[in-house]
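Each chain is listed here by its residues.
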2 protein chains.
Amino acid sequence: MSKKNLAILLRARMRSSNPTKFSLSQFPKEIQSNTQENRSGDHIVDNSNEGIGNSSKFGTTGRVYDVVRETMHSATSASKTGVLDITLSDFQEGYFSLSLEDREKLLLELAKEYDVNREQVRELIKQYLGLEKSASDDKEVSSSVFYRVERNLRHSLRPTYEVLFERLNTHPGGLRFLSILRADLLSILTKENTPSLRTLDSFLKEKLGMWLSPATLELHQITWDDPASLLEKIVAYEAVHPISNLLDLKRRLGIGRRCFGYFHPSIPGEPLIFIEVALMETVAQTIQEVLWDNPPIPENQATCALFYSISSTQPGLAGINLGKFLIKRVITLVKKDMPHVSTFATLSPIPGFMQWLLSKLSSQSRFAEDERGTQSNSPSSTFSEKVLLPGEEQALMSLSDDSSPGSNGMEVLLNLLSAKDCDWATSARLLPVLEPILMRLCARYLLQEKKRGKALDSVANFHLQNGAMVERINWMADRSEKGIHQSGGIMVNYVYRLENIEDYAQSYFGSGKIHASPGIHSRL
Amino acid sequence: MSKKNLAILLRARMRSSNPTKFSLSQFPKEIQSNTQENRSGDHIVDNSNEGIGNSSKFGTTGRVYDVVRETMHSATSASKTGVLDITLSDFQEGYFSLSLEDREKLLLELAKEYDVNREQVRELIKQYLGLEKSASDDKEVSSSVFYRVERNLRHSLRPTYEVLFERLNTHPGGLRFLSILRADLLSILTKENTPSLRTLDSFLKEKLGMWLSPATLELHQITWDDPASLLEKIVAYEAVHPISNLLDLKRRLGIGRRCFGYFHPSIPGEPLIFIEVALMETVAQTIQEVLWDNPPIPENQATCALFYSISSTQPGLAGINLGKFLIKRVITLVKKDMPHVSTFATLSPIPGFMQWLLSKLSSQSRFAEDERGTQSNSPSSTFSEKVLLPGEEQALMSLSDDSSPGSNGMEVLLNLLSAKDCDWATSARLLPVLEPILMRLCARYLLQEKKRGKALDSVANFHLQNGAMVERINWMADRSEKGIHQSGGIMVNYVYRLENIEDYAQSYFGSGKIHASPGIHSRL
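Analysis parameters
- Residues numbered from 1 in each chain as written.
- Chains lettered and ligands numbered in written order.
- Predicted model: local features only at pLDDT ≥ 70, side-chain atom pairs only at ≥ 80, totals over all residues.
- Heavy atoms only, no water.
- Least-squares fit on C-alpha atoms with pLDDT ≥ 70 in both.
- Contact = heavy atoms within 4.5 Å.
- Buried area = accessible area lost by both parts, 1.4 Å probe.
- Salt bridge = Lys/Arg side-chain N within 4 Å of Asp/Glu carboxyl O.
- Helix = DSSP H or I, 4+ residues; strand = E, 2+ residues; numbered from the N terminus.
- Nonpolar A, V, L, I, M, F, W, Y, C, P; charged D, E, K, R; others polar.
- Buried < 20%, exposed > 50% of the residue type's maximum accessible area, 1.4 Å probe, protein only.
- Polar contact = N/O pair within 3.5 Å; in protein donor to acceptor, adjacent residues only side chain to side chain.
- Phe/Tyr/Trp six-rings, centres within 6.5 Å; stacked < 30°, edge-to-face > 60°.
- Lys NZ or Arg CZ within 6 Å of the ring centre and 35° of its normal.
- Pairing = 2+ DSSP bridges.
- Axes fitted to C-alpha atoms, helices over the stretch in contact; angles between N-to-C directions.

- The name given to chain A in an unreviewed UniProt entry is Malonyl-CoA decarboxylase, with Capsella rubella as the source organism.

The following block contains the structure:
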């Protein structure tokens with residue numbers, strides 16, 4: 001593979017001309033809470049209109065739609081002959097040729113018309129309850145009948161579309177197709193969140209999670225020797241720290257670096273998720289050290305494996321935690337290869353920090369305003385809280401001027417942070433004042449802000465549930481626009497200590513306990 | 001790998017000293033109707049007491065049992081922390097250390113105590129029926145609740161042991177463990193066929209079938225360059241035409257031969273099923289041509305790919321059809337590699353022929369006896385039928401002598417065929433008389449004898465449902481003791497014609513139609 005060829009490929013991927021291929025889109029990003037069902041909706045980027053066919057070339061939309069619907073019906077209702085291959089292929093192709101509206105119409109129809117057969121369920125419930133009552137004499141025989149009815153009832157509660165999903169799963173390209181179909185579903189759900197569609201989605205998600213169990217996934221180290229068709233996907237899907245050029249890619253696969261992907265046999269040549277690792281002497285504090293600094297150290301001097309990027313590639317697999325097993329397996333592998341590596345840490349973004357902070361400042365400064373308005377020194381609103389310490393309040397008020405006005409510290413901070421172009425991040429005057437404040441608030445956000453007993457930050461939640469601890473937060477660790485915008489430039493090191501992984505994961509799951517270093521605690 | 005090393009390995013496998021490893025057993029045989037649930041029990045060889053641990057070394061059986069039961073309980077009932085690794089490993093190891101009686105006791109307990117939570121089911125049925133009635137106004141909201149209750153009801157109908165199975169499936173070595181556990185279950189079921197155990201088994205079978213969907217399996221060509229640890233498994237599991245020595249194995253992997261296996265990522269180094277292929281000029285009529293004859297023809301002269309052996313390796317996967325997809329993929333692969341190969345055929349045993357024939361002869365000669373006893377020329381019993389043609393009757397009676405007495409042709413044939421040592425098969429006097437009779441009856445058995453609308457012969461059923469046709473039967477094609485004993489030395493060629501596979505499979509599924517060549521039909 002010459003560099004020129006790779007470059008052509010990389011350019012080619014921008015075109016997305018083939019309507020039957022799901023576009024390589026801007027979706028991927030560090031795993032964002034893919035494990036909690038309640039959050040999987042947060043990160044849906046509506047990019048599924050990519051790859052939508054131009055149905056006009058097939059004649060009227062209506063006719064194409066009818067044909068695809070008919071194929072869907074055959075694919076679902078034909079008897080289990082195992083010879084549906086052509087029908088399933090036709091359905092896949094037909095689906096890709098549909099416009100997004102038609103896909104939406106089709107999926108709505110699938111959700112409603114191919115749902116549970118409730119008449120059958122009622123009938124079997126009747127039988128079931130009948131048998132439960134009469135279970136007395138002739139116990140073994142009636143018990144045999146009972147088990148059969150129970151199984152039938154269980155099966156009858158499965159929606160009809162399960163058949164379609166299962167058939168597609170065993171069909172070449174079907175698993176990938178289902179992941180695209182789910183990406184469409186998620187995109188449709190952002191506009192039309194009906195119970196039947198939601199049910200279809202959560203059912204498909206459950207199925208996909210089962211089919212993509214770690215037992216079926218293979219770990220592969222991605223190197224510069226891999227095909228360009230695979231490498232271009234790494235470039236396309238890496239969105240935590242975008243790959244800027246060929247040299248950058250080559251470096252990330254070269255000495256002192258590792259890249260591992262999880263592959264599924266039926267989605268060949270494309271990792272479902274991949275992780276980038278830097279072998280270092282110490283745990284890096286800034287992403288610059290990892291990506292742009294001097295040549296890497298000799299590998300035999302490394303004592304730390306730093307996970308600096310995890311990217312999932314399939315928007316349709318949102319909410320299915322593939323990363324957890326990936327990290328565990330990579331740790332085992334690196335440990336075996338390089339016994340001298342004893343620290344496994346991450347350098348992670350804190351994607352929800354600024355959003356949380358700005359909304360907290362906005363609501364609290366309003367409360368503060370209201371309280372002043374009522375001239376009351378009496379108990380403040382139940383929702384109001386002290387965001388800033390007295391010293392911070394003073395320091396911020398001293399910064400108040402025309403460009404960042406404010407009647408209290410929170411307002412000043414809010415105005416500074418939400419000013420366009422994030423000027424604060426390059427201001428020699430502001431940074432020294434903001435650093436201790438933002439670092440303290442960031443520690444609070446990571447260790448204390450929770451949602452349903454779990455860390456509010458999605459990446460924190462991901463690593464904590466995998467058994468990591470919060471080790472350290474690093475000021476101005478990611479000065480990229482995205483880094484400043486999302487997390488005030490702060491990055492965090494989570495550390496995986498082999499001897500504690502299981503315990504930490506268990507106590508996090510059980511009681512929501514977040515393990516953190518004394519250093520972080522002292523910032524609170 | 002030197003031959004000496006391989007020989008040592010091959011000997012080592014006979015010892016089966018490691019109680020945690022399932023022994024390489026004598027179970028495998030050509031896929032025998034693994035696709036029809038009602039037959040899966042036919043071929044269970046009770047070999048699962050291999051690999052049973054000697055529990056005495058752990059102290060009293062009772063104490064070990066209690067520990068393993070306790071681990072099973074923890075593994076099943078612990079919350080979904082994902083950190084059960086140690087518990088699951090302990091359970092696997094503990095299970096292996098149990099005696100067969102203790103395994104049986106444990107599995108019975110699993111079947112009964114970890115079954116469906118019926119109290120919860122009743123409660124949810126009540127809610128479900130209540131919602132169905134009140135589904136009137138506020139439609140979308142109630143529908144959302146309804147979907148939730150329906151899902152809960154569906155989930156509640158799952159037995160508790162599903163959790164254990166699913167956790168084991170995602171655990172290293174778990175899938176293999178589950179297949180061994182199911183082998184034990186099948187062996188226990190032959191003695192103690194209770195509804196709860198049967199239910200446990202069919203549930204596990206369903207799960208295994210899902211986890212081993214073709215989407216998760218990988219096709220790998222097995223060659224002489226593969227590790228000895230893999231090759232020894234081929235030797236161990238090949239039971240259609242046992243591999244007699246190293247030269248035999250090397251020949252089966254060498255020029256003019258192919259061997260393909262289906263592998264699952266979580267059972268590495270061991271095919272779940274493998275198929276042996278011979279590249280030939282014409283469709284072989286005897287297994288001798290394939291296994292022992294002159295050097296193979298140059299591969300570029302081959303026009304036929306002959307599937308001469310399919311062996312499944314995991315007794316615990318009985319009833320799960322892995323072979324079908326294997327054959328399809330191998331045909332595609334060979335076709336692509338060698339476009340000059342245009343015929344895809346098998347040379348298959350007819351494992352049920354003699355058993356069917358002997359039982360038919362035995363019952364019918366009894367009927368004939370009864371009829372003669374009543375001196376009646378009137379309508380014969382509804383169950384009696386003409387097994388032999390008049391000419392055959394005469395020919396057989398002419399053979400009747402002291403060594404094979406009989407008052408009618410059927411009795412003579414029965415006595416000849418059931419004489420010990422199968423002397424008939426080497427008798428120059430008997431063979432010419434028996435050939436046309438056995439060949440006609442064999443054609444009848446293959447094309448006309450059915451069970452629930454499908455071919456009675458399990459191998460025939462396997463190939464017919466995959467879309468093959470019955471091409472030709474071959475006299476004295478397998479003179480091995482097993483060949484004579486099972487199928488009177490006859491073998492059959494099934495042919496896969498690419499252009500007909502789907503049609504044939506569909507019509508066989510739909511109406512039980514068996515496609516066969518004119519040559520076979522003319523024998524009837």
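Now that the structure is up, let's keep going.
## Details of the relation of the copies chain B and chain A
- The operation relating chain B to chain A is a screw motion whose rotation component is 180°, with 0.0 Å of axial translation and a residual RMSD of 0.1 Å. Both copies of the chain, as the preceding transformation shows, are related through a two-fold rotation axis.
- A share of 100% of interface residues in chain B that are also interface residues in chain A marks the association as one of identical surfaces.

## Here's the deal with the interface of chain B and chain A
- With 54 residues of chain B at the interface, the matching set in chain A holds 54 residues.
- Note on chain B versus chain A: buried area summed over both sides is about 4700 Å², and carbon and sulfur give 57% of it.
- Inspection of the chain B/chain A interface yields four salt bridges.
- Across the pair B:Glu150 and A:Arg118 runs a salt bridge, and its minimum N-O distance is 2.6 Å.
- Broken down by secondary-structure element, the contributors of at least two residues to the side of chain B that touches chain A are helix H3 (85-97), helix H5 (118-134), helix H6 (139-156), helix H7 (161-169), helix H9 (195-211), helix H13 (323-337) and helix H20 (501-511) of chain B.
- A per-class count over the side of chain B that touches chain A returns 21 nonpolar, 15 polar and 18 charged.

## Overview of the pattern of salt bridges
- As enumerated under the stated definition, the model contains 44 salt bridges over all chains in all.
- For A:Lys207, the salt bridge is made with A:Glu162, and the minimal N-O distance between the two is 2.7 Å. With A:Lys207 in helix H9 (residues 195-211) and A:Glu162 in helix H7 (residues 161-169), this residue pair connects regions lying 45 residues apart in the sequence. With respect to burial, A:Lys207 and A:Glu162 carry one shared label: buried.
- The salt bridge partner of B:Glu104 is B:Lys191, with a shortest N-O separation of 3.5 Å. With a gap of 87 residues between them, B:Glu104 in helix H4 (residues 100-113) and B:Lys191 in the loop between helix H8 (174-189) and H9 connect regions that are remote in the sequence.
- According to the relative accessible area criterion, B:Glu104 is buried, its value standing at 15%.
- A relative accessible area of 53% places B:Lys191 in the exposed class.

## Description of the side chain of B:Glu449
All names here are of chain B.
- Within the secondary structure layout, Glu449 lies in the loop between helix H17 (431-448) and strand S6 (450-451).
- Since its relative accessible area comes to 14%, Glu449 is described here as buried.
- A polar contact is formed between the side chain of Glu449 and the side chain of Arg444, at a distance of 3.0 Å.
- Ignoring sequence-local partners within four residues, the contact set of Glu449 consists of Trp356, Arg444, Lys454, Ala455 and Leu456.

## Observations concerning helix H10 (residues 228-237) of chain B
- For H10(B), the buried fraction is high: nine of the 10 residues fall into the buried class.
- Among the residues making up H10(B), those that are buried are B:Ala228, B:Leu230, B:Leu231, B:Glu232, B:Lys233, B:Ile234, B:Val235, B:Ala236 and B:Tyr237.

## A few points about the packing of aromatic side chains
- All told, the structure shown has 27 aromatic pairs over all chains when counted by the stated rule.
- Ring centres of B:Phe91 and B:Phe177 lie 5.6 Å apart, and the angle between their planes is 70°; on these two criteria the pair is classed as edge-to-face. Linking B:Phe91 in helix H3 with B:Phe177 in helix H8, this pair joins segments that are 86 residues apart in sequence.
- The class for B:Phe177 is buried, based on a relative accessible area of 1%.
- With 5.6 Å between their ring centres and 40° between their planes, B:Tyr161 and B:Phe165 make a pair best called tilted. One end of the pair is B:Tyr161 and the other is B:Phe165, both in helix H7 and four residues apart, which spans about a single turn. Like B:Phe165, B:Tyr161 is buried.
- Of the aromatic side chains, those joined through ring pairs into one cluster are A:Phe91, A:Tyr95, A:Phe96 and A:Phe177.
- Over the ring of A:Tyr65 we find A:Lys105, and its NZ or CZ is 4.1 Å from the ring centre.

## Comments concerning the sheet that holds strand S9 (residues 491-496) of chain B
Residues and elements named next belong to chain B.
- One open sheet holds the seven strands; their spatial order is S1-S2-S3-S4-S5-S9-S8, and the pairing between them is mixed. Edge positions in the sheet fall to strand S1 (218-221) and strand S8 (469-474), since each of these pairs with one other strand and no more. The mean inter-strand angle of the sheet, taken between neighbouring strand axes irrespective of direction, is 30°.
- In the sheet, strand S3 (residues 273-280) pairs with strand S4 (residues 304-312) via eight bridges, with the strands oriented antiparallel.

## A look at the sheet that holds strand S9 (residues 491-496) of chain A
All names here are of chain A.
- The mixed open sheet is built from seven strands, whose spatial order is S1-S2-S3-S4-S5-S9-S8. If you trace the sheet from one side to the other, it starts and ends with strand S1 (218-221) and strand S8 (469-474), each paired once. Shown here is a sheet whose adjacent strand axes are inclined to one another by a mean of 30°, direction ignored.
- Looking at chain direction, strand S4 (residues 304-312) and strand S5 (residues 343-346) are connected through four bridges and run parallel. Note that in S5 the partner of Cys304 across the bridge is Thr343.

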